[in-house]
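Now for the letters of each chain:
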Amino acid sequence: MCWSCSLSTDVLNTHHNTEICSTLFHLPVNKDGRVEAGVESQSQHTALLVTNTITHLLHRFDYKLPVGTFLSRPPRFDYRGFMLDVARHFFDKEVIKRQIELLSYYNLNRLHLHLTDDESWSLEIDGIPELTEIGSRQCFDLSQCGTYPQLGKKLDMGKQFLTKSEYIEIVRFAESKGVMVIPEIDLPGHSTAALNAMKMRYVHTPTLTDYRLHDPLDESQFISTQYFSNGVVNPCVESTYSFTKTVVQAIQSYHKEAEQPLTVIHLGGDEVPGTAWSRSPACDTMLTQLGKTNIDDQKEKVREIKVAMFRRLGALAESVGLSLAFWEDGLIDSFTDEPFVKEEVFPPGVTVYTYVWFSKLDGRSDSRPYNLANSGYKVILAPASRYYFDHAQEPHPKDSGFYWATRYINLLTTFSFRPDNYYGNIIRKPSKGVVNEEFCDMKHCPPLIRKENIVGVEAVLFSETVPHQHRLDDSTFPRILAVAERAWKEASWEHLDGENPEGLQKDFDLFRHSIEKFEIPILEKRYNLKYHLAPPGVEVRNDLNNVKYLRLSTEFKSQRVWWRTETYSWWTELTNKTTLYPGNNQHVYLKTSLADGSRFSYPVAYHQTSTEVDGELDMFNQDFL
């Protein structure tokens, strides 16, 4: 049997099983348990996979490898990614390098760095010092900074951006770990910091109009989804493209110096308010020059401006030899909810990637991944309701995180995503089960014709609610291990529809057992990483004497559960079957701890008079008790 670099697969080798499979590399082990010289590999990145494989196998077999030859199956997707936002809350180079090392260890090979947003511009750019001198700062005097303090940030937090040399060091380190860095400069939306920095550049030196990003006569008024006013770059002024070219070429030179040539630049494209540029004379002039006159409908006007912008960005990419990437909604025609025709917007030699995020897998906008792939775009699946790690992990107010895409995203939610059966994931309400049969037809669920254009998956962490490394670790682990699993290996149950397809629970139990036994000790000891400690699942039952007791479950088997009532302050460990007598109308509080009691989850409450569990706590398989 082939070893697949997955975390849940039992490792066998050709000494015990002669199944033939397509292999990425061979790993021969002699009778002394040593890996023999001459391991076959075709590239530096494959050699890194070999190193990771050996490390994982040594841990799995307690440093005594069985005789035979391990065969590694090629990965399911070429693109196996993680996006880190360093603009909302800044993470320095050491935190980023640590994250790269973790990604590499689990064979995730893309780090998508979200470098700019409304809140901050976080990368030094040669020739435009104002972007970081002003755009990286938050204060109350907008002549000195990019925007007002946001998201609980303190004033005077020191340097909040990556210098040129730091970025080069990060990219060089990523190359040594087999991870490609994909930089994102978010345009035209999410640009408050950049807009203000370039306005101040002009105020301080009025002759410098070369990089101005707004039309000074534009009287448009609009608010973004995140409640920023007028934070959209104007694509109708020529200086916008001078600015973009300078930024792109600077980043391209950084990658060249780091010896990881830049092949793709992510330029955002998302969440442009519908009334942007509505009163911009520069846009009226541009549309007239393009022969687009007498446009009264604002949606049509925005559509034509976006198409013109994409054509200019496509020409820029072609001139510097790069592929482009955008968030999915930027490439969707607001009139038809269909993708822009790629051949009409971008040069034929420019590959365009799109990151599908808006799909909530609830029957709305779920046709976009296949429509985009069928239209010739290269699609990376990053559905918010499965892979957005800024969302809460439990349905509880103490679990910080968003809930706009779904109420919570726990380990099972992420693990159960089926990339190759996208419509099989669709549910209207998580508590009601799959209902895709109710709306799936050729319009709402078009077939995937060009499967080769689904090129990967990506976990996404926007950092509005992630102010420091501890929250970064807590938000990312262990969920990212489930992403690594799906990115490398297709499970046998993925072709089935439904919220709980046959085989899923068994596979998930094996996965949990594997990461608890082999991966969590490494994360704790080697990286001092404090992964998310979920509160207990609990189920109310009656015994033969009709006395209520609580049946408990934890995410990992070795974890312990503690309880107290509201009238007592001390905590007592619970057994699997415990009769509780807390008195009428009292709450019982429960929390999880690590096996050694060194760390605890937040407590959750159960009210004694109810047969329901507060907050839908019964979320883990009872067989783990």
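Refer to the structure presented above.
Residues numbered from 1 in each chain as written. Predicted model: local features only at pLDDT ≥ 70, side-chain atom pairs only at ≥ 80, totals over all residues. Heavy atoms only, no water.

(A) Representation of the overall build of the chain in the model. Each helix and strand counted, the chain has 15 helices and 17 strands in total. The 625 residues of the chain split such that 58% are buried. Across the chain, contacts joining residues at least 24 apart in sequence account for 74% of those joining residues at least 6 apart. Looking at the chain as shown, the accessible area adds up to about 26100 Å², and 50% of this sits on carbon and sulfur atoms. (Helix = DSSP H or I, 4+ residues; strand = E, 2+ residues; numbered from the N terminus. Buried < 20%, exposed > 50% of the residue type's maximum accessible area, 1.4 Å probe, protein only. Contact = heavy atoms within 4.5 Å. Areas by Shrake-Rupley, 256 points an atom, 1.4 Å probe, with all protein chains shown as cover.)

(B) Broad picture of the pattern of salt bridges. The tally for this structure, following the rule as stated, stands at 27 salt bridges. The closest approach of N and O atoms between Arg512 and Asp509, which form a salt bridge, is 2.7 Å. A residue pair is termed a helical-turn pair when its members lie 3 or 4 positions apart in one helix, as Arg512 and Asp509 do in helix 15 (residues 504–526) at three residues. Classification of Arg512 as buried rests on a relative accessible area of 0%. One salt-bridge network, held together by shared partners, links Asp85, Arg88, Asp117, Glu119 and Glu464. (Salt bridge = Lys/Arg side-chain N within 4 Å of Asp/Glu carboxyl O.)

(C) Quick peek at the sheet that holds strand 16 (residues 587–593). Within the open sheet, the four strands sit side by side as 14-13-16-17. Their pairing is antiparallel. Either end of the sheet is taken by a strand with one partner, and the two such strands are strand 14 (572–573) and strand 17 (604–607). By the bridge criterion, two bridges tie strand 13 (residues 560–565) to strand 14 in an arrangement that is antiparallel. Looking at the pairing, Trp563 lines up with Thr572 of strand 14. (Pairing = 2+ DSSP bridges.)

(D) The packing of aromatic side chains, seen in detail. For the coordinates displayed, the defined rule picks out 28 aromatic pairs. Between Tyr211 and Phe243, the ring centres sit 6.3 Å apart and the planes meet at 70 degrees, which makes this aromatic pair edge-to-face. Here Tyr211, found in the loop between helix 5 (192–204) and helix 6 (238–257), pairs with Phe243, found in helix 6; they are 32 residues apart in sequence, far enough to count as distant. A relative accessible area of 13% places Tyr211 in the buried class. Look at Phe310 and Phe326: their rings are 4.9 Å apart centre to centre, the planes differ by 75 degrees, and that puts the pair in the edge-to-face class. In this pair, Phe310 is assigned in helix 8 (residues 298–320) and Phe326 in strand 7 (residues 323–327), connecting sequence segments 16 residues apart. Residue Phe310 is classed as buried on the basis of its relative accessible area of 0%. Taken together, the ring pairs in this structure connect Tyr79, Trp327, Tyr355, Trp357, Phe358, Tyr388, Trp404 and Phe462 into an aromatic cluster. (Phe/Tyr/Trp six-rings, centres within 6.5 Å; stacked < 30°, edge-to-face > 60°.)

(E) Highlighting the state of the cysteines. Summed over all chains, the structure comprises two disulfides. Through a disulfide, Cys139 is tied to Cys145; the S-S separation comes to 2.1 Å. Every disulfide takes its handedness from the sign of the S-S torsion; for Cys139 and Cys145 that torsion is -95 degrees, giving left-handed. Both residues of the pair, Cys139 and Cys145, count as buried. Cys236 shares a disulfide with Cys283; S-S distance 2.1 Å. Note on the Cys236 and Cys283 pair: the S-S dihedral is about 90 degrees, so by sign convention the disulfide is right-handed. With a gap of 47 residues between them, Cys236 in the loop between helix 5 and helix 6 and Cys283 in helix 7 (residues 281–289) connect regions that are remote in the sequence. According to the relative accessible area criterion, Cys236 is buried, its value standing at 13%. Judged by its relative accessible area of 0%, Cys283 falls in the buried class. (Disulfide = S-S within 2.5 Å.)

(F) Just the nonpolar core, in detail. Grouped together as the largest cluster of nonpolar side chains are 114 residues, with contacts concentrated most on Leu84, Ile96, Leu131 and Tyr167. With residues up to four places along the chain from it excluded, the contact list for Ile96 reads Leu84, Val86, Phe91, Leu111, Leu113, Leu162 and Ile170. The next biggest cluster of nonpolar side chains, apart from the first, holds 16 residues, and it includes Tyr79, Met83, Ala382 and Val455. (Core = buried A, V, L, I, M, F, W, Y, C linked by side-chain atoms within 4.5 Å.)

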